Amino acid sequence: MTLLDVREISKLFGGLAAINEVSFVLERGEICAVIGPNGAGKTTLFNLITGVYRLDGGEIVFSGKKLNGLKPHQITEYGIARTFQKIRLFTNLTVAENVRIGQHCRTKAEVIAALLRGKKTRAEEKAIEEKTRELLSFVNLDNKRNELARNLAYGEQRHLEIARAMASDPALILLDEPSSGLNPHETDELMDRINLIRNQGITIILIEHDMNLVMGGTDHIIVLNFGEKIFDGPPTACQRDTEVIKAYLGQEYAVCSN
Amino acid sequence: MDKRSLVKYGLIFLVLVMVPVVRPSDYWMNIIILSGVYVLLGEGLNIIVGVNGQFVVCHAAFYGIGAYLSALLTLRLGLPFWLNLPLAGTLAALVGAGIGYVCNRFRGHYVALVTLSFGVIVYEVMLNWLDLTRGPMGLINIPPPEPVPLGVYTFDFTSRIDYYLLIVVLVALCIASAHRLIRSRIGRALLAIREDDLAAEIQGININKYKIKAFVLGAWWAGIAGSFYAHYAGIIVPGTFSFLTSVEILVIVIVGGLGSIWGVLISAILLTFLPEFLRSIEFLRWIIYGIVLMVMIIFMPTGIAGIGRRIRVPIFWRSTAKEPAN
């Protein structure tokens, strides 16, 4: 079943096409990797899907609804969550507070309700608390819930960002280089966690440079080069594709042999 | 209520009752009441600047709008103070919403510039719309609040004790609401926007809407403070609501610790009393005041809240104050 349908989208920066008529389809429940050399347009693609950038062409359809022209917060409400390449936590707030904020669009209390703190609001806060605990134990941070986010180790911050993204009950999560800065052990842990998230029925699309993770842990690979899609298919076919090898895999090899 | 908060509120209550028991002179009573007004102003601005992270320099304008509306409604239409008080808060909040809407088109320093000019405009209007505000002569003979019989005691506002009790109630309401706000969905959204507005928007927060909400809440308390002040002082002049007052309130928030309710409370009281203690050395007064401020900002960039957290004062443990970037 199709979850995300990207149809010939383009994004221009000045005269340069950062994304040029890229189309692809994501099936519900798959783990998809977007790979490609630096500057290929991977993060731009994420910014287009989440509404941070406006589309210059094409359209994006998410579970039957068109996302064109929507604001990022509306897109989050529709069920798309993301993390950032450069971690963007709420650093002066506690770990638990970060996850609570993630639940914003699934809760309702308005100013008056928040000030009066009636029965309904208290029940809602209790539910928020419960979910926060659940998500923090999922990423093994429950013992650090009152720590400021800035005081967490780098790897923990990456996991907290994932927990925060999951707090909005998404159907699709976009992870922008989740393994960057992690050691091999932490990367393994991350892979396990990504699989667990998928098992909950959440579709995942990630930008990744770690080829072990990409080839071993995903169902679907999209390769971008200079804003164009040059490959779209399963990992096994990707490793054999001559154009991919020339643009990305081989280029890396060439760097190594120099 | 757990034991710790019982002790906390017990202590606060004790200090508050001590004031009328000790019966300070009218002069000190005046300072105490004014520090209450500054607490309202500081806590209000703290929501916009400290919690929501918008650098706003026109809080005295909201304060003035509340004061002038309340005074005019009484003087021209004969409306009672008790009706004017919420009306003043409401008008200030509405104006705040308008400014918030305009500020949504700007970021960072430009918000400071936009609000700065707005503050100046309001001041100029107070100064020059002679028919309405009597300009620099100010509005005089603003009557005190109407008496409130409460069982054996009637609050008739002939002594400062009655004003004191009223401002204590207002401050208590303000602190309690700020406290609830910060620990609610709304407060968390405001804090998230301060921390990182893009990340906040990606969490599903409509940042433009919430920035306006911060303005509404902050300006509301400034309007309330203005209304109280007008009927307490009995006379208002534009100078009270000038740019300098806006800066003073901003200093209170920064010294208290951006986003810290208790920090701002303490700093508002401290900074109202400080110039009074320095009165004996009149010619050096504002110089010393300025030096103290500079020393505070250099050596305690996180304000009173930051110090409180470091030396582990319980009320600052769960502080939402902002720390400087490493």
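Residues numbered from 1 in each chain as written. Chains lettered and ligands numbered in written order. Predicted model: local features only at pLDDT ≥ 70, side-chain atom pairs only at ≥ 80, totals over all residues.

A. The overall build of chain B, seen in detail. Helix and strand content of chain B: 14 helices and 2 strands. Over its C-alpha atoms chain B spans a radius of gyration of 19 Å, differing by no more than 12% from the 20 Å that the globule rule assigns to 326 residues. With the C-alpha coordinates aligned to their principal axes, the bounding extent of chain B is approximately 50 × 45 × 45 Å. Taking all 326 residues of chain B together, 49% fall into the buried category. (Helix = DSSP H or I, 4+ residues; strand = E, 2+ residues; numbered from the N terminus. Rg over C-alpha atoms; globule rule 2.2 N^0.38 Å. Buried ≥ 20, exposed ≤ 12 C-beta atoms within 10 Å, placed from the backbone.)

B. Broad picture of the overall build of chain A. Summing up its helical and strand segments, chain A has 10 helices and 10 strands in all. A compact globule built from 258 residues should have a C-alpha radius of gyration of about 18 Å, and chain A, at 19 Å, falls within 12% of that. In terms of overall dimensions, chain A has a C-alpha envelope of 65 × 40 × 35 Å along the principal axes. Taking the contacts inside chain A whose residues are at least 6 apart along the sequence as the reference set, 67% of them involve residues at least 24 apart. (Contact = placed C-beta atoms within 7 Å.)

C. Representation of unusual backbone geometry. Residues and elements named next belong to chain A. Backbone geometry places Arg117, a non-glycine residue, at a positive phi of 45 degrees. Mapped onto the elements of the fold, Arg117 is located in the loop between helix 4 (111–116) and helix 5 (119–138). Positioned with a positive phi, Asn140 is a non-glycine residue whose angle comes to about 60 degrees. For Asn140, the location among the structural elements is in the loop between helix 5 and helix 6 (154–166). Taking the C-beta count within 10 Å as the criterion, Asn140 has 13 such neighbours and is therefore assigned partly exposed.

D. Highlighting the interface of chain B and chain A. With 24 residues of chain B at the interface, the matching set in chain A holds 25 residues. Those elements giving two or more residues to the side of chain B that touches chain A turn out to be helix 7 (160–182), helix 8 (185–195) and helix 9 (197–202) of chain B. Residue classes in the side of chain B that touches chain A are distributed as 9 nonpolar, 6 polar and 9 charged. (Nonpolar A, V, L, I, M, F, W, Y, C, P; charged D, E, K, R; others polar.)

E. Up close: the environment of Leu152(A). Residues and elements named next belong to chain A. Following the sequence through the fold, Leu152 ends up in the loop between helix 5 and helix 6. The spatial distance from the C-alpha of Leu152 to the C-alpha of Val95 is 8.6 Å, given a sequence separation of 57 residues. With sequence-adjacent residues up to four places away left out, Leu152 is seen in contact with Val95, Lys144, Glu147, Gln157 and Leu160.

F. Expanded view of the sheet that holds strand 7 (residues 172–176) of chain A. All names here are of chain A. Strand order across the open sheet formed by 6 strands is 6-7-8-3-9-10, with mixed pairing between neighbours. In this open sheet, the two strands that pair with only one neighbour each are strand 6 (80–82) and strand 10 (228–233). Looking at each pair of strands side by side, their axes are set apart by 15 degrees on average, direction ignored. Relative to strand 8 (residues 203–207), strand 3 (residues 31–35) runs parallel, the two sharing 4 bridges. Bridge pairing in strand 8 links Ala33 to Leu206. Along the sheet, helix 7 (residues 184–199) contacts strand 3, strand 7 and strand 8; its crossing angle with strand 8, the most-contacted strand, is approximately 150 degrees. (Pairing = 2+ DSSP bridges. Axes fitted to C-alpha atoms, helices over the stretch in contact; angles between N-to-C directions.)

G. Structural context of helix 13 (residues 285–299) of chain B. Taking 1.5 Å per residue, 15 residues should reach 21 Å; helix 13 of chain B reaches 21 Å between its end C-alpha atoms and fits that length. Taken across its 15 residues, helix 13 of chain B has 0 buried, putting it largely on the surface. (Expected span 1.5 Å × (residues − 1).)

H. Just the packing of helix 3 (residues 59–77) of chain B against helix 10 (residues 207–233) of chain B, in detail. Residues and elements named next belong to chain B. Relative to each other, helix 3 and helix 10 sit at 50 degrees, their axes nearing to 7 Å. With respect to helix 10, the axis of helix 3 lies oblique. Helix 10 is crossed by helix 3, and the crossing has right-handed handedness. Two secondary-structure elements touch here, helix 3 through His59, Phe62, Tyr63, Gly64, Ile65, Gly66, Ala67, Ser70 and Ala71 and helix 10 through Ala219, Ala222, Gly223, Ile224, Ala225, Gly226, Ser227, Tyr229, Ala230 and His231. Residue composition of the contact of helix 3 with helix 10, grouped by class: 11 nonpolar, 8 polar and no charged. (Parallel < 35°, antiparallel > 145°, perpendicular 65-115°, else oblique. Left-handed = near helix turned anticlockwise from the far one by under 90°.)

I. Highlighting the pairing of strand 2 (residues 16–27) of chain A. Residue and element names in this part refer to chain A. Sheet topology places strand 1 (residues 2–13) next to strand 2; 8 bridges connect them, and they run antiparallel. Across the sheet, the residue bridging to Phe13 is Leu16, located in strand 2. What sits between strand 1 and strand 2 in their antiparallel hairpin is a turn of 2 residues, with Gly14 showing a positive phi close to 65 degrees.

J. Structural context of the confidence of the model for chain B. The share of residues in chain B with pLDDT of 70 or more is 97%, and the mean pLDDT across the chain is 88. Among the scores for the predicted complex, ipTM is 0.89 and pTM is 0.89. (pLDDT = per-residue confidence, 0-100.)

K. Just the confidence of the model for chain A, in detail. Mean pLDDT over chain A: 89, with 96% of residues reaching 70 or higher. Residue range residues 253–258 of chain A is modelled with pLDDT below 50. Its contacts to residues more than four positions away, or to other chains, number 0 contacts.

L. Layout of the nonpolar core. If you look at the biggest cluster of nonpolar residues, it comprises 166 residues, and the most contacted ones within it are Ala163(A), Ile173(A), Ile204(A), Leu40(B), Ala92(B) and Ala225(B). With 17 residues, the top contributor of residues to this core is helix 10 of chain B. Dropping the residues within four chain positions of it, Ala225(B) is found in contact with Val37(B), Leu40(B), Leu41(B), Tyr63(B) and Gly66(B). (Core = buried A, V, L, I, M, F, W, Y, C linked by C-beta atoms within 7 Å.)

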